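# Per-entry structural report
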Amino acid sequence: MPDTAMNKDGFSGFTPYQIEDGEEYMNEAQREHFREILLAWKQELMEEVDRTMHHMQEDAANYADPSDRATQEEEFSLELRTRDRERKLIKKIGSTIDRIEKDDYGFCDSCGVEIGVRRLEARPTASLCIDCKTLAEIKERHSGL
């Protein structure tokens, strides 16, 4: 049984791609590998959204005690914020899948170099190489001061 890995975003259960010597970067096999990762990740997120909706519908109670009601409202608020972030991530996953379909995946949006298979496995929606991402984060930190 092949080893499975977990990426930085918490999605797990994929088998790391085995790169062959001399293999062309972002060939059809690599694109299919990432398409499968992204589709599975999207499915996992959508199932989590469904579970949250069911949980909130089933657990919604009209507590007489204001403290209990406030606790439940805070819990629901946190869940909804998490789901909103996941909704945005689902949208980003969809646009990343579109990039794969258009054969425009795996290359840095800023400088055009290969992002790299391992970086993409760690963050499948990455659109910047590690150098450009680091530079962007440094600029962001300095502009926030």
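Criteria and cut-off values
- Residues numbered from 1 in each chain as written.
- Predicted model: local features only at pLDDT ≥ 70, side-chain atom pairs only at ≥ 80, totals over all residues.
- Heavy atoms only, no water.
- UniProt positions renumbered as here; feature names shortened; annotations may be inferred.
- Helix = DSSP H or I, 4+ residues; strand = E, 2+ residues; numbered from the N terminus.
- Buried < 20%, exposed > 50% of the residue type's maximum accessible area, 1.4 Å probe, protein only.
- Contact = heavy atoms within 4.5 Å.
- Areas by Shrake-Rupley, 256 points an atom, 1.4 Å probe, with all protein chains shown as cover.
- Salt bridge = Lys/Arg side-chain N within 4 Å of Asp/Glu carboxyl O.
- Phe/Tyr/Trp six-rings, centres within 6.5 Å; stacked < 30°, edge-to-face > 60°.
- Polar contact = N/O pair within 3.5 Å; in protein donor to acceptor, adjacent residues only side chain to side chain.

As named in an unreviewed UniProt entry, the protein chain is RNA polymerase-binding transcription factor DksA, taken from Alkalimarinus sediminis. Taken directly from UniProt, the Function (unreviewed entry) text for the protein chain runs: "Transcription factor that acts by binding directly to the RNA polymerase (RNAP). Required for negative regulation of rRNA expression and positive regulation of several amino acid biosynthesis promoters. Also required for regulation of fis expression." Its UniProt record, at the heading Subcellular location (unreviewed entry), says of the protein chain: "Cytoplasm".

## Some points on the overall build of the protein chain
Counting its regular elements, the protein chain contains four helices and two strands. Put simply, the protein chain runs from its N terminus to its C terminus through helices and strands in the order β-β-α-α-α-α. Counting the 145 residues in the protein chain, one finds 31% classified as buried. In the protein chain, the proportion of contacts linking residues at least 24 apart, taken out of those at least 6 apart, comes to 49%. With an accessible surface of roughly 9800 Å², the protein chain has 51% of that area assigned to carbon and sulfur atoms.

## Quick word on the pattern of salt bridges
The tally for this structure, following the rule as stated, stands at 14 salt bridges. We note a salt bridge from E32 to R35, for which the minimum N-O separation is 2.1 Å. One end of the pair is E32 and the other is R35, both in helix α1 (residues 28–59) and three residues apart, which spans about a single turn. Of the residues examined, E32 reaches a relative accessible area of 29% and is grouped as partly exposed. The residue E74 makes a salt bridge to R81 at a minimum N-O spacing of 4.0 Å. Among the ionic contacts, a cluster of salt bridges with common partners joins E28, R31, E32, R35, E101 and D103.

## Comments concerning the UniProt feature "domain: Zinc finger DksA/TraR C4-type" (unreviewed entry) in the protein chain
Within the UniProt annotation, "domain: Zinc finger DksA/TraR C4-type" (unreviewed entry) is assigned to residues 104–136. Between the end C-alpha atoms of residues 104–136 the distance is 21 Å, and the span holds 39% helix and 0% strand.

## Some remarks on the packing of aromatic side chains
One pass over the full model with this rule turns up two aromatic pairs. On the numbers, 5.2 Å between centres and 85° between planes, the contact of Y25 with F107 is edge-to-face. Placement of the pair is Y25 in the loop between β2 (12–14) and α1 and F107 in the loop between α2 (66–101) and α3 (117–122), with a sequence separation of 82 residues. By relative accessible area, which is 14% here, Y25 ends up buried. Overall, F107 belongs to the partly exposed group, its relative accessible area being 31%.

## A look at the side chain of R31
Checked against the element boundaries, R31 lands in helix α1. Classification of R31 by relative accessible area gives buried; the value is 14%. At 2.6 Å, the side chain of R31 forms a polar contact with the backbone oxygen of M26. Setting aside anything within four residues of it in sequence, one finds R31 in contact with M26, I100 and D103.

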